[in-house]
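What follows is the residue order along each chain.
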Amino acid sequence: MTETPSPHVIDADTLSGGLKPIRQLILSLGSNLGDREANLQGAVDALRDTPDVVVVEVSPVYETQPVGGPDESGPYLNIVLLADTTLGVDLLLERAHAVEEAFGRERSVPGAPRTLDIDLITYGQKTIESEELTIPHPRAHERAFVLAPWLDIERDAVLPGHGPVADLLAKVGAEGVTKLDIELQ
């Protein structure tokens, strides 16, 4: 477990010499098309290769039933990443979408099966509401497929505005969420 960086902690930008805050973030990744495990591992690798993103911890893999998608949707493999970054939230979202695209993600029907889905759950302690993004993720507090793996890597995690992740998971339950004996690198 890492300590949540203070929003006042800074890192020097090697190009401009300016100072940037270091923020801790939680990303939720899921896949229910193609080689699901390879899709998740590839996404973890791509995020690790992202300048100014340091992947601190990767949760165990969970298999979960789809939530809110078409009836023909198959089960997902899900993980949560804990990372530190100096990237601004817009660049981070852009990178997440680029990684999804690289793995064949097509944005069509909401909740449709997908090769890769990356959701930004938290970005430090910031609250953001824009047309493109809401932070903390607006449904994370009711999704066991986010809460269970998050709790595995950060036992005292708190979802800003909603409370301790352990309490949130106890409230929604973990039905349909199965931890697998798969650890990604």
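Here we summarise the structure given alongside this text. (Residues numbered from 1 in each chain as written. Predicted model: local features only at pLDDT ≥ 70, side-chain atom pairs only at ≥ 80, totals over all residues. Heavy atoms only, no water.)

**Notes on the overall build of the protein chain**
Here is the rule we go by: Numbering goes from the N terminus for both helices and strands, where a helix is a DSSP run of H or I of at least four residues and a strand is a run of E of at least two. Exposure categories follow from relative accessible area, calculated using a 1.4 Å probe and restricted to protein chains: below 20% of the type maximum is buried, above 50% is exposed, and the middle band is partly exposed. In these tables, accessible area is a Shrake-Rupley quantity obtained with a 1.4 Å probe, and a residue counts as shielded only by the protein chains included in the view.
Tallying secondary structure elements over the protein chain gives four helices and 12 strands in all. Taking all 185 residues of the protein chain together, 48% fall into the buried category. Carbon and sulfur atoms form 49% of the exposed surface of the protein chain, whose accessible area is close to 9600 Å².

**Some remarks on helix α3 (residues 144-153)**
The buried count for α3 comes to nine of 10 residues, which makes it a mostly enclosed element. Of the positions making up α3, those classed as buried are Ala144, Phe145, Val146, Leu147, Ala148, Pro149, Trp150, Leu151 and Ile153.

**Digging into the pattern of salt bridges**
Test applied: One side-chain nitrogen of Lys or Arg within 4 Å of one carboxyl oxygen of Asp or Glu is enough to make a salt bridge.
Counted by the stated rule, this structure contains five salt bridges. Residue Arg105 pairs with Asp117 through a salt bridge whose shortest N-O separation is 2.9 Å. Here the residue Arg105 occupies a position in the loop between α2 (89-102) and β7 (117-123), and Asp117 occupies one in strand β7, the gap between them amounting to 12 residues. With respect to class, Arg105 is no different from Asp117; both count as buried.

**A few points about helix α1 (residues 36-48)**
Residues three or four positions apart in an α-helix share a direction because the helix packs 3.6 residues into each turn. The condition is simple: In this scheme, a helix's expected span is set at 1.5 Å multiplied by one less than its residue total. Note on contacts: a residue pair is in contact if any heavy atoms of the two residues lie within 4.5 Å.
In this model α1 runs 18 Å from its N-terminal to its C-terminal C-alpha over 13 residues, within 8% of the 18 Å that 1.5 Å per residue would give. Three or more residues of α1 are buried, namely Asn39, Leu40, Gln41, Gly42, Ala43, Val44, Ala46 and Leu47. Packed against the buried residues of α1 are β3 (23-31), β4 (53-58), β6 (76-85) and α2.

**Section: the packing of α3 against helix α4 (residues 165-172)**
Selection rule: Lines fitted to C-alpha atoms define the axes here, with helix axes fitted over just the stretch in contact, and angles between the N-to-C directions of these axes take values from 0 to 180 degrees. An angle counts as roughly parallel when it lies under 35 degrees, as roughly antiparallel when it exceeds 145, as roughly perpendicular when it falls between 65 and 115, and as oblique in every other case. Each crossing gets its hand from how the near helix is turned against the far one by less than a right angle, where anticlockwise is left-handed and clockwise is right-handed. Classification convention: Asp, Glu, Lys, Arg as charged; Ala, Val, Leu, Ile, Met, Phe, Trp, Tyr, Cys, Pro as nonpolar; all other residues, Gly among them, as polar.
Packing of α3 against α4 brings their axes to within 9 Å, and their N-to-C directions diverge by 140 degrees. Judged by the inter-axis angle, α3 sits oblique to α4. In this structure, α3 meets α4 at a crossing whose hand is left-handed. Residues Ala144, Leu147, Ala148, Trp150 and Leu151 of α3 form the contact with α4, whose own contacting residues are Val165, Ala166, Leu168, Leu169 and Val172. Of the residues in the contact of α3 with α4, the class split is 10 nonpolar, no polar and no charged.

**So, the pairing of β6**
Basically, it comes down to this: In this description, strands pair whenever DSSP reports at least two bridges between them.
Of all 10 residues in β6, 10 are buried; the element is thus mostly enclosed. The side-chain alternation of β6 yields two buried faces, one formed by Tyr76, Asn78, Val80, Leu82 and Asp84 and the other by Leu77, Ile79, Leu81, Ala83 and Thr85. Where β3 and β6 come together, nine bridges link them in antiparallel fashion. Directly across from Leu29, in β6, lies its bridge partner Ile79. As paired strands, β4 and β6 are joined by five bridges and run antiparallel to one another. Residue Val55 lies in a different strand from β6, and its bridge partner there is Ala83.

**Structural notes on the environment of Asp45**
Relative to the elements of secondary structure, Asp45 occurs in helix α1. Among the residues examined, Asp45 registers a relative accessible area of 36% and is labelled partly exposed. Each C-alpha atom, one on Asp45 and one on Leu184, is 9.7 Å from the other, the two residues being 139 residues apart in sequence.

**Considerations on the side chain of Thr85**
Here is the rule we go by: Identification of polar contacts relies on pairs of N or O atoms within 3.5 Å, with a donor-acceptor requirement for protein atoms, meaning one able to donate a hydrogen and the other able to accept it, and with residues adjacent in sequence counted only if both atoms are side-chain atoms.
Along the chain, Thr85 falls in strand β6. A polar contact is formed between the side chain of Thr85 and the backbone nitrogen of Leu87, at a distance of 2.9 Å. Once residues within four sequence positions are removed from consideration, Thr85 is found in contact with Pro21, Ile22, Arg23, Leu25, Asp52, Val53, Leu92 and Tyr123.

**A short note on the nonpolar core**
Put simply, the rule is: As used here, the term nonpolar core means buried Ala, Val, Leu, Ile, Met, Phe, Trp, Tyr and Cys residues forming a set that is joined through side-chain atoms within 4.5 Å.
In this structure, Leu27, Leu29, Ile79, Leu81, Leu120 and Leu184 are the most contacted members of the largest nonpolar core, which totals 31 residues. When contributions to this core are tallied by element, the ones reaching two or more residues are β3, α1, β4, β6, α2 and β7. Contacts of Leu184, omitting those with residues within four sequence positions, involve Glu37, Leu40, Gln41, Val44, Val58, Val61 and Ile79.

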